[in-house]
Amino acid sequence: QVQLVESGGGLVQAGGSLRLSCAASGRTFSSGHWFRQAPGKDREFVAAISSSGWSTRYADSVKGRFTISRDNAKNMVYLQMNSLKAEDTAVYYCAAGKVDVTDPAYDMAYWGKGTLVIVSS
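Small disclaimer: the values here were computed from a predicted structure and weren't measured. (Residues numbered from 1 in each chain as written. Predicted model: local features only at pLDDT ≥ 70, side-chain atom pairs only at ≥ 80, totals over all residues. Heavy atoms only, no water.)

**What to know about the overall build of the protein chain**
Right, so step 1: When its secondary structure is counted, the protein chain shows 0 helices and 11 strands.
Right, so step 2: Ordered by position in the sequence, the α and β elements of the protein chain form the string β-β-β-β-β-β-β-β-β-β-β.
Right, so step 3: Its C-alpha atoms give the protein chain a radius of gyration of 13 Å, near enough to 14 Å, the size a compact globule of 121 residues would have.
Right, so step 4: The C-alpha extent of the protein chain, read off along each of the three principal axes, is 40 × 25 × 25 Å.
Right, so step 5: Residue burial in the protein chain is summarised as follows: out of 121 residues, 45% are buried.
Right, so step 6: Of the roughly 6300 Å² of accessible surface on the protein chain, 47% is carried by carbon and sulfur atoms.
Right, so step 7: Side chains of the protein chain give 13 positive and 10 negative charges; the mean places of these two sets differ by 4 Å. (Helix = DSSP H or I, 4+ residues; strand = E, 2+ residues; numbered from the N terminus. Rg over C-alpha atoms; globule rule 2.2 N^0.38 Å. Buried < 20%, exposed > 50% of the residue type's maximum accessible area, 1.4 Å probe, protein only. Areas by Shrake-Rupley, 256 points an atom, 1.4 Å probe, with all protein chains shown as cover. Lys, Arg positive; Asp, Glu negative; His and termini not counted. Charge placed at Lys NZ, Arg CZ, Asp CG, Glu CD.)

**Description of the packing of aromatic side chains**
Right, so step 1: This structure, assessed with the given rule, holds 2 aromatic pairs.
Right, so step 2: For the pair Phe35 and Phe45, a centre-to-centre distance of 5.8 Å together with 75° between the ring planes defines the contact as edge-to-face. Taken as a pair, Phe35 in strand β4 (residues 32–37) and Phe45 in strand β5 (residues 44–49) lie far apart in primary sequence, 10 residues in all.
Right, so step 3: A residue is classified by how much of its surface remains accessible, and Phe45, at 15% relative accessible area, is buried.
Right, so step 4: Residues Phe35 and Trp111 carry aromatic rings whose centres are separated by 4.9 Å and whose planes lie at 50° to one another, so their mutual orientation is tilted. Taken together, the residues span a long stretch of sequence, with Phe35 in strand β4 and Trp111 in strand β10 (residues 108–111) at a distance of 76 residues.
Right, so step 5: A network of ring pairs unites the aromatic residues Phe35, Phe45 and Trp111 as a single cluster. (Phe/Tyr/Trp six-rings, centres within 6.5 Å; stacked < 30°, edge-to-face > 60°.)

**Observations concerning the sheet that holds strand β7 (residues 66–71)**
Right, so step 1: The 4 strands are arranged β1-β3-β8-β7 in an open sheet whose pairing can be described as antiparallel. Two strands bound the open sheet, and with one partner strand each, they are β1 (3–7) and β7. Averaged over all pairs of adjacent strands, the angle between their axes in this sheet comes to 15°, without regard to strand direction. (Pairing = 2+ DSSP bridges. Axes fitted to C-alpha atoms, helices over the stretch in contact; angles between N-to-C directions.)

**Let's talk about the nonpolar core**
Right, so step 1: If you look at the biggest cluster of nonpolar residues, it comprises 34 residues, and the most contacted ones within it are Leu4, Trp34, Leu79, Met81 and Tyr92.
Right, so step 2: Where this core is concerned, the elements lending two or more residues are β3 (18–25), β4, β5, β7, β8 (76–81), β9 (90–97), β10 and β11 (115–120).
Right, so step 3: When sequence neighbours within four positions are dropped, the list of residues in contact with Leu79 reads Leu18, Arg19, Leu20, Trp34, Val46, Ala47, Phe66, Thr67, Ile68 and Tyr92. (Core = buried A, V, L, I, M, F, W, Y, C linked by side-chain atoms within 4.5 Å. Contact = heavy atoms within 4.5 Å.)

**Focus on the state of the cysteines**
Right, so step 1: By the definition in use, this model includes 1 disulfide.
Right, so step 2: Here Cys22 connects covalently by a disulfide to Cys94, the sulfurs 2.0 Å from one another. With the S-S dihedral at roughly -80°, the linkage between Cys22 and Cys94 falls on the left-handed side. Of this pair, Cys22 sits in strand β3 while Cys94 sits in strand β9, placing them 72 residues apart in sequence.
Right, so step 3: Overall, the relative accessible area of 0% leaves Cys22 in the buried class.
Right, so step 4: Judged by relative accessible area, Cys94 falls into the buried class, the value being 0%. (Disulfide = S-S within 2.5 Å.)

In structure tokens form, the structure reads like this:
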């Protein structure tokens, strides 16, 4: 069993930055993923990283602004979010993939409970 715990969310002004962290306990991450769900909307894919860190994937809406990374020694996955916009406001969820691919179409094995990001305009 793997437990994922997100942290780093909060309130930030538009144009600002936040860094989200996801800590895994119980097992090593396979692929690491970030999803988000805005109020009244479906959950959507944000970014993913392979177990080695060599392969990453981003949603078009965050390309050039967000960076996913990982520290396998600490069993952590991060999401650096820059140039934040009001439309980035959402609960952000960390997930561990069942297989080591960055394609979000594959099932996730484990999910965290989320961390709230609010971007004020």
